[in-house]
Every structure is written in structure tokens, then in C-alpha cells.
Amino acid sequence: MNFWERIYLPAIIKGMTITISHLFKRKVTYQYPEQKRPMSDVFRGLHILKRDDEGKERCTACGLCALACPAEAITMTAAERTSSELHLYREEKYAAVYEINMLRCIFCGLCEEACPKAAIFLQNDKMAQASYERSDFIFGKDRLVEPFLQSKS
Ligand code: SF4
Ligand code: SF4
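Treat the numbers as computed from the prediction; the structure is a model and nothing was measured.

Chemist: Which parts of the structure should I look at to understand the sheet that holds strand E2 (residues 74-80)?
Modeler: Think of a sheet as strands paired side by side through backbone hydrogen bonds, with each pair either parallel or antiparallel. Strands sit in the order E2-E3-E5 across an open sheet of 3 strands; the sheet is antiparallel. The sheet terminates laterally at E2 and strand E5 (138-139), the two strands that pair on one side only. In this sheet, strand E3 (residues 93-101) lies alongside E2 in antiparallel orientation, the contact comprising 7 bridges. Looking at E3, one finds that alanine 78 is bridged to alanine 95.

Okay, here's the thing in C-alpha cells:
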């Protein structure tokens, strides 16, 4: 070791040069959730249960999505539509309860492919928020069904 190596000055200067050079490079981190990263068009995020053009829920609780789901993340309870509910559900049968466990879901998209009614889709711009509570990851109809106003726009 020569004198300069013994006082570590070249190593310190080299390290500081690398550090300072990074100050002027493009930042690779995002301040999530305030700042969101652009998602790919094929990104599969949170599910949405769609309505038709009249605002009626498309899902008929046929159960094919639950059958196709490899993670067994989907559960539902079917019910019969009454005459006073004609404006709410497109067909005679509907899902009174529809839940997806986002802790089990692997976002494979098979539920979307299996659905014969084009009722369920995975959105490419939404993902489940972090939480300490398991119950926050059980998404019911209140969080899955498309808002009526949104479907009309
Ligand atoms: S995306 Fe895949 S794992 Fe998630 S609910 Fe649908 S079928 Fe199941
Ligand atoms: S989302 Fe589609 S596949 Fe699943 S129960 Fe409803 S209609 Fe059937």
C-alpha cells in the first residue's frame, strides 16, 4: 500500500464521484401512493364487476369464474331477481354476495376469460392498497361493482 492508499483518499474521491453523479440521473423511485407509476396496457390489477348500458349488473352468478379460479379466491351466493329488481340485474339470477379474496388472488385473469357474460374484468390501473387487516383484502360487491355513473359516461 502506498501513502495515498493508506489514507483512503482515492477511494473516498471515487465513491463521492459515483454518489454525486447519481444526483443528476433520472430518479427510479416513485413516491407511491401519491405518485403512481404508468402501468402497462396488459397489467392485470383489481377486478371490476361491470354493468350493462342500462346500469344493470351483468353477473348472473353462474359460478364459472369461481370454477376457473386456480387460487379459489372467488365465492358467491346466487339469488333470484324479483319484479321490483328488474332495473338492477340484467338476468333472472344475480350474485347477492360476490367476494374476492385479494390475498389469495394471483391476478392470472382466468376469471375474466371464463366469464360468459363479460361481467368481470381486471383493471390495468388499480391495485389493492396495503393494509394490516386481513379483512381489508376481502373485496365484496361494494368495492367490486362498477359505479353506475361511471358506466354511463
Ligand atoms: S385473477 Fe385468477 S386468481 Fe384472481 S380471482 Fe381471477 S381467476 Fe382467481
Ligand atoms: S362474473 Fe361472470 S363467470 Fe363469474 S359468476 Fe358472474 S357471470 Fe358467472
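Chemist: Looking at this structure, how should I read the site of ligand 2?
Modeler: As a structural note, the neighbourhood of ligand 2 is formed by 14 residues, with Cys59, Cys62, Gly63, Cys65 and Cys115 the closest of them. A class-by-class count of the residues in the shell around ligand 2 yields 11 nonpolar, 2 polar and 1 charged.

Chemist: Help me understand the environment of isoleucine 106, please; the structure alone is not making it clear to me.
Modeler: Within the fold, isoleucine 106 resides in the loop between E3 and helix H4 (110-114). With relative accessibility at 56%, the residue isoleucine 106 sits in the exposed group. Each C-alpha atom of the pair isoleucine 106 and alanine 61 lies 21 Å from the other, and the pair is 45 residues apart in sequence.

Chemist: Sorry if this is basic, but what is going on with the pairing of E3 here?
Modeler: Both faces of the sheet carry side chains from a regular strand, because those side chains alternate between them. Sheet analysis places E3 next to E5, joined by 2 bridges and oriented antiparallel. Paired with asparagine 101 across the strands is isoleucine 138, a residue of E5.

Chemist: Would you mind showing me how to read the nonpolar core here?
Modeler: Across soluble globular proteins, nonpolar side chains have a tendency to be buried as a group. The biggest cluster of nonpolar side chains holds 23 residues, and the ones touching the most others in it are Ile74, Tyr98, Ile100, Met102, Ile120 and Leu144. Elements that contribute at least two residues to this core include exactly E3 and strand E4 (120-122). Broken down by element, the residue count for this core peaks at 3 residues, all from E3.

Rules of the game
- Residues numbered from 1 in each chain as written.
- Chains lettered and ligands numbered in written order.
- Predicted model: local features only at pLDDT ≥ 70, side-chain atom pairs only at ≥ 80, totals over all residues.
- Heavy atoms only, no water.
- Pairing = 2+ DSSP bridges.
- Helix = DSSP H or I, 4+ residues; strand = E, 2+ residues; numbered from the N terminus.
- Near = heavy atom within 4 Å.
- Nonpolar A, V, L, I, M, F, W, Y, C, P; charged D, E, K, R; others polar.
- Buried < 20%, exposed > 50% of the residue type's maximum accessible area, 1.4 Å probe, protein only.
- Core = buried A, V, L, I, M, F, W, Y, C linked by side-chain atoms within 4.5 Å.

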